[in-house]
Amino acid sequence: MTGGPRPGPVLAIVGATGAVGTVMREVISSRADIWGEIRLIASARSAGRMLPIRGEQVMVKELTADAFDGVDIAMFDVPDEVSQEWAPVAAARGVAVIDKSGAFRMEPDVPLVVPEVNPAQAFNRPRGIIAVPNCTTLSLIVVISVLHKAYRLREMFAASYQAASGAGQAGTDSLYDQLAAVAGDRTLGQQAGDVRAAAGDGGAFGAPLALNVIPWAGSLRSDGWSSEELKIRNETRKILGAPDLRISATCVRVPVVVGHSLALHVVFDTEVEADQARKMLSEAPGVLVVDRPESGEFPMPVDVAGTDPTVVGRIRQSMDDPHALDLFVCGDNLRKGAALNAAQIAELLIAHANWPLWQPREIRTTAPCGSAPASASTPRLNGSSSPVATRTATPFSELACVTASAAANAAAEA
């Protein structure tokens, strides 16, 4: 870093060299610059590396207790066992910890927070730790919470289509390696065993993902359920405050690099109309409705990768039940599914906290709240001339405004 110390709160990113840590640095660099020092922390083998953030090169520090001295907020993106050891160490030094691992999500005294859904819970953290939901849960929860608030969710059936990057860098590398191995051979996929022979041992997935889908994600739990399926069930219940909500999920790994998708069948206590639900979702923060089947425009991973909203479409009234809807949601599992949600929580804390080293300030975005700045990177669907973000949906840049609004509501609720 150049020049003197910046005024403002001190942020630490623990796991700054990993896949989500890399995206976190990009997210922080692209959002309102509200931070003083940003401290990058990783394992001893990564210490001393120089990494970019906010247009500067910052040296990575080794993960030690002393690395948290003077830190206000720490975002952890590390394996469960590392979070279990080090998050309490940081919290004991007065740091507000935002943890992306699964170590604390279901602990009763650790809030599981999505700023668009339950912002007040960020201020109820007796252990000093806030948990971030699993990326698959985050791909659906913002949409589902809007409908739950209006109609009271009774039951949900979910089928997920999860990207290779959900299994970390090893998953991404495995998919690219397999795609390279099968590329150009148009005979593959027509005989049992031919893709396995060409793609190799399956890498991170135990079976080929190229030219295939694998009806499994996570680790084995009781009665044949996977850990990913139970995360959707348990985390959705906790976030919505609905411990008895009936949820059944089947998780499928698909040959997509970035972007988790889910097909949802949701049943409510009251009757629901698709057009009404569509309008409600189009006005919801953090949600983008793309539902134009007549022109072939749907939520798809190739269009959401690198973007922030949860995209929803294929919204249909159930043919058999006036209380039920069918819909399809899609989101970037590395951004809202991890890095962005943590950044929003941090901004939420900053907006309504008295940190010792700085004074609260207004969170500003690159454009006024309620406006959608033009951007050359605005994604477009299927080559259409219409950008994904329209004024009837929440523009990508508005999420910081959403966070500020949620913080105000949280302060009123707290």
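Please refer to the structure placed before this passage.
Residues numbered from 1 in each chain as written. Predicted model: local features only at pLDDT ≥ 70, side-chain atom pairs only at ≥ 80, totals over all residues. Heavy atoms only, no water.

Visitor: A description of the nonpolar core should follow, citing residues and the corresponding values.
Guide: The biggest cluster of nonpolar side chains holds 99 residues, and the ones touching the most others in it are I28, F68, F76, L264 and L327. Once residues lying within four places of it in the same chain are set aside, the contact partners of F68 are V14, R39, I41, L63, A74, F76, W86, A90, R93 and V95. Judged by nonpolar contacts, the second largest core, of six residues, contains L175, F205, A207 and L209. (Core = buried A, V, L, I, M, F, W, Y, C linked by side-chain atoms within 4.5 Å. Buried < 20%, exposed > 50% of the residue type's maximum accessible area, 1.4 Å probe, protein only. Contact = heavy atoms within 4.5 Å.)

Visitor: Describe helix α7 (residues 274–282), and please don't skip the residues or the numbers.
Guide: Taken as a whole, α7 has its buried residues at A274, A277, L281 and S282. Within α7, the buried residues cover an arc of 135° as seen down the axis, which keeps them to one side. Counted as exposed and oriented over 90 degrees from the buried face of α7: D275 and K279. In this structure, the buried side of α7 is in contact with α3 (135–151), β12 (287–289), β13 (310–317) and β14 (324–331). (Helix = DSSP H or I, 4+ residues; strand = E, 2+ residues; numbered from the N terminus. Arc of directions from axis to C-beta.)

Visitor: Please provide a residue-by-residue account of helix α1 (residues 19–30), values included.
Guide: Taking 1.5 Å per residue, twelve residues should reach 16 Å; α1 reaches 17 Å between its end C-alpha atoms and fits that length. Looking at α1, one finds that the buried residues are V20, G21, V23, M24, R25, V27 and I28. Taken together, the buried residues of α1 touch β1 (11–14), β2 (38–42), β3 (50–53), β6 (73–76) and α9 (335–351). (Expected span 1.5 Å × (residues − 1).)

Visitor: I'd like to hear about the packing of α1 against α9, residue by residue, with values.
Guide: Interhelical geometry of α1 versus α9 gives an angle of 50° and a closest axis separation of 9 Å. Here α9 runs oblique to α1, going by the angle between their axes. Crossing of α1 over α9 shows right-handed handedness. Here α1 contributes V20, V23, M24, V27, I28 and S30 to the contact with α9, which in turn contributes R335, A338, A339, L340, A342 and A343. Among the residues forming the contact of α1 with α9, the class breakdown is ten nonpolar, one polar and one charged. (Axes fitted to C-alpha atoms, helices over the stretch in contact; angles between N-to-C directions. Parallel < 35°, antiparallel > 145°, perpendicular 65-115°, else oblique. Left-handed = near helix turned anticlockwise from the far one by under 90°. Nonpolar A, V, L, I, M, F, W, Y, C, P; charged D, E, K, R; others polar.)

Visitor: Report on the pattern of salt bridges, specifying residues and quantitative values.
Guide: Scanning all chains against the criterion turns up 17 salt bridges. With a shortest N-O distance of 3.3 Å, K231 and E228 are connected by a salt bridge. Linking K231 with E228, this pair stays in helix α6 (residues 227–240), spanning three residues, or about one helical turn. With its nearest N and O atoms 2.7 Å apart, the salt bridge here joins D275 to R278. A residue pair is termed a helical-turn pair when its members lie 3 or 4 positions apart in one helix, as D275 and R278 do in helix α7 at three residues. You can call D275 exposed: its relative accessible area is 59%. When salt bridges with common partners are traced through the structure, they connect D66, D69 and R93 into a single cluster. (Salt bridge = Lys/Arg side-chain N within 4 Å of Asp/Glu carboxyl O.)

Visitor: Kindly report on unusual backbone geometry, identifying the contributing residues and their values.
Guide: Residue R54 is not a glycine yet carries a positive backbone phi of 55°. Within the fold, R54 resides in the loop between β3 and β4 (56–59). Even without a glycine there, the phi angle at L211 is positive, about 60°. When you line up the elements, L211 lands in the loop between α5 (194–199) and α6.

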